Structures are given as C-alpha cells and as structure tokens.
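Here are the chains, one letter per residue:
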Amino acid sequence: MCKPRYKRVMLKLSGEALAADKGYGIDFDVTNKIAEEIKALVDMGVEVGAVVGAGNIWRGRSGEGMDRTTADYMGMLATCINALALQDSLENIGVNTRVQTAIEMREVAEPFIRRRAMRHLEKSRVVIFGAGTGNPYFSTDTAAALRAAEIEADVILLAKKVDGVYDKDPHRYSDAVKFNKLSYIEVLEKGLQVMDSTATSLCMDNDIPILVFGLDNPENIRKAILGEEIGTLVCKE
Ligand code: UDP
C-alpha cells in the first residue's frame, strides 16, 4: 500500500456535496460513498477530522428579511443534522466516530473540547465537528480552518463541486484555466472562490495548506492523501 502523504487531515465537506444531484437534503448514497473513502484513510493510519457545511439545508443568507444572527444559528444547527448523517454512514461500516459541536447539545453529541478531540483522533476515531465555529457571521470554511489549526492538522482537504480552483467559473466559461498551485495572497488578491477571506487568512496566518478538489468522484479523497496530483494546492508560495 502506498504511504499517505499526511498524518492528520481536516476534511471540509460542503452541504451541497451531501445533497449530490438532488440539490437539497441528504443523499445517503453519497454519504455512504464518502464514508467508505474516509474509512480507507483511517485504515491507512490517517487521523481524520471533518467539518460539514449546511448549504443543502440552510444558509444564513437564505433567511431574507430575517434577523441575521437567528438565520446563522439555524445554519449552524443544520450542520449538526449533516454531521449526524455522516456519523451514521461511518458507524454503519465500523468506523468509530465522535461528533463534537460548538453549540452544546449534550444529549446528541459531545461539546467541542480540543484535548478530547485530539485524544479521539489519536485513537483512530473520526471526529466530526458540528455547529461551525458556534458564532454567527462566520462560515463552516472558517470553522474548518479554525479546527484544523486547533487539532494541528497537516492539511485541509476542501471537497468542492468543481475539481480545483479556476480563474473564472468553469461551468460558464469554456476557456477557464485551472491552477495547480496558488499562494494564499494570490487567492485573496485575485478574489478567487476558494474559501471566504476570513478562512483563507486564518490558513495563511497559521500556514495550513488547503487542497481543493472535486468530490464528483469520492475516490479523490484517497488520491489526495496518497499524493496524486489532483485539484489545486493553496499554500505559502
Ligand atoms: N454558520 C455560522 N457560523 C459558523 C458556521 C456556519 O453562522 O461558524 C451558518 C451560516 O449561516 C452559514 C450556514 O451556517 O451560511 C451554513 O454554513 P456554510 O454556508 O458554511 O455551509 P456550506 O456552504 O459549506 O454548505
């Protein structure tokens, strides 16, 4: 078996990725496939943390006319629904998991406790971080960057609908060019749609590389770990 390139990773899955073609809700065929890929990483000895978004259920900006903070809390709660769905798919195939949430819901999941999360990872348990950062006005990308820094992850694996970072929307422009490597500054200066600027800055300040790749094929998660040249790597230079 090839040697994994990273020891501890933070996998960021957008809510949309879980909905697949349905666009809304959770497609369990998809979560099951993602779970299989995560299991392959765990079997290789990789420690896996995961942050899930909620775009398949609710985003703060969906609440037009609503109080923004309330709408954001709804988004954070929605991430917990996705976290439990992913947990279920993982546990069904024998992967040990814990969900830790940034908003306490002790009957459902553990509260986020960094040292405990680290211990779970060391014991090969997949830790799924729910409820984002626990604060409105942030995104789950920022939650992924924050938790990655806290758990000392080697990389953020940013699973997207597109297979990397392009100079313009590849769905709209046939001449869009894909970048293989970018610096954080280039992402910020060019306003490229990788992560929001808060999340990108946090990664830059803490020197956490971001590997952006497409989840159209869940096997890409494994390829990324084994060092195959896929997607776009965002790093220092
Ligand atoms: N959210 C928040 N604070 C956080 C993380 C998320 O308020 O730290 C809310 C916000 O309203 C966001 C929603 O939860 O729109 C869902 O997260 P996100 O949009 O990042 O999901 P994704 O686009 O990854 O599916």
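Small disclaimer: the values here were computed from a predicted structure and weren't measured.

What counts, and at which threshold
- Residues numbered from 1 in each chain as written.
- Predicted model: local features only at pLDDT ≥ 70, side-chain atom pairs only at ≥ 80, totals over all residues.
- Heavy atoms only, no water.
- Near = heavy atom within 4 Å.
- Polar contact = N/O pair within 3.5 Å; in protein donor to acceptor, adjacent residues only side chain to side chain.
- Areas by Shrake-Rupley, 256 points an atom, 1.4 Å probe, with all protein chains shown as cover.
- Helix = DSSP H or I, 4+ residues; strand = E, 2+ residues; numbered from the N terminus.
- Contact = heavy atoms within 4.5 Å.
- UniProt positions renumbered as here; feature names shortened; annotations may be inferred.
- Buried < 20%, exposed > 50% of the residue type's maximum accessible area, 1.4 Å probe, protein only.
- Disulfide = S-S within 2.5 Å.
- Arc of directions from axis to C-beta.
- Salt bridge = Lys/Arg side-chain N within 4 Å of Asp/Glu carboxyl O.
- Pairing = 2+ DSSP bridges.
- Axes fitted to C-alpha atoms, helices over the stretch in contact; angles between N-to-C directions.

A. Summary view of the site of the ligand. Taken together, 20 residues lie around the ligand, and G55, D72, T133, N135 and T140 are the ones closest in. In this structure, an oxygen atom belonging to the ligand sits 2.7 Å away from a main-chain N or O atom of G55. Between an oxygen atom of the ligand and a side-chain N or O atom of T140, the distance comes to 2.5 Å. The protein chains hide 92% of the 520 Å² of surface that the ligand would expose on its own.

B. The environment of N96, seen in detail. Position of N96 relative to the elements: it lies in the loop between α3 (68-92) and β3 (97-101). In contact with N96, other than residues within four places in its own chain, are E91, S124, R125 and V126.

C. Spatial organisation of the UniProt feature "binding site: UMP" (unreviewed entry) in the protein chain. UniProt records the feature "binding site: UMP" (unreviewed entry) at D72, T133, G134, N135, P136, Y137, F138, S139 and T140, using the numbering of this structure. Sequence-wise these annotated residues cover 69 residues; spatially they are packed, their C-alpha atoms never more than 11.0 Å apart. Assessed through its relative accessible area of 13%, G134 is described here as buried. Once you skip the residues sitting within four places of it in the chain, G134 turns out to touch Y73, M76, A102 and I103.

D. Expanded view of the state of the cysteines. Under the defined criterion, the tally for this structure stands at 0 disulfides. C235 provides the cysteine sulfur closest to C203, a residue in no disulfide bond, and the two sulfurs are 11 Å apart.

E. Examining helix α4 (residues 114-122) more closely. Looking only at α4, the buried set comprises A117, M118, H120 and L121. Mapping the buried residues of α4 onto a view down its axis gives an arc of 160°, with all of them on the same face. Buried residues in α4 make contact with β1 (8-13), β2 (47-52), β3, β4 (110-111), β5 (126-130) and α5 (140-150). Taken from the residues just after α4, S124 is the one with a positive phi, measuring 65°.

F. Layout of the pattern of salt bridges. Under the criterion given, the structure shown has 15 salt bridges. For K168, the salt bridge identified is with D175, shortest N-O distance 3.2 Å. For D175, a relative accessible area of 47% translates into the label partly exposed. Two residues, K236 and D207, come together in a salt bridge whose shortest N-O distance is 3.4 Å. Within this pair, whereas K236 is found in the segment after β11 (232-235), its partner D207 is found in the loop between α7 (197-205) and β10 (210-214), the two being separated by 29 residues in sequence.

G. Inspection of the UniProt feature "domain: Aspartate/glutamate/uridylate kinase" (unreviewed entry) in the protein chain at higher detail. With numbering matched to this structure, UniProt assigns "domain: Aspartate/glutamate/uridylate kinase" (unreviewed entry) to residues 7-213. Along residues 7-213 the backbone is 40% helical and 20% strand, and the end-to-end C-alpha distance reaches 19 Å.

H. Inspection of the sheet that holds β11 at higher detail. What the 9 strands build is an open sheet, ordered β4-β3-β5-β2-β1-β6-β10-β11-β9; its pairing is mixed. Every other strand in the sheet has two partners, leaving β4 and β9 (181-183) as the edge strands with one partner each. Bridge analysis of β1 against strand β6 (residues 155-160) gives 5 bridges, and the strand direction is parallel. From the neighbouring strand, K12 faces β6, where its bridge partner is L158. Strands β1, β2 and β5 of the sheet are contacted by helix α2 (residues 28-43), whose axis makes an angle of about 150° with β2.

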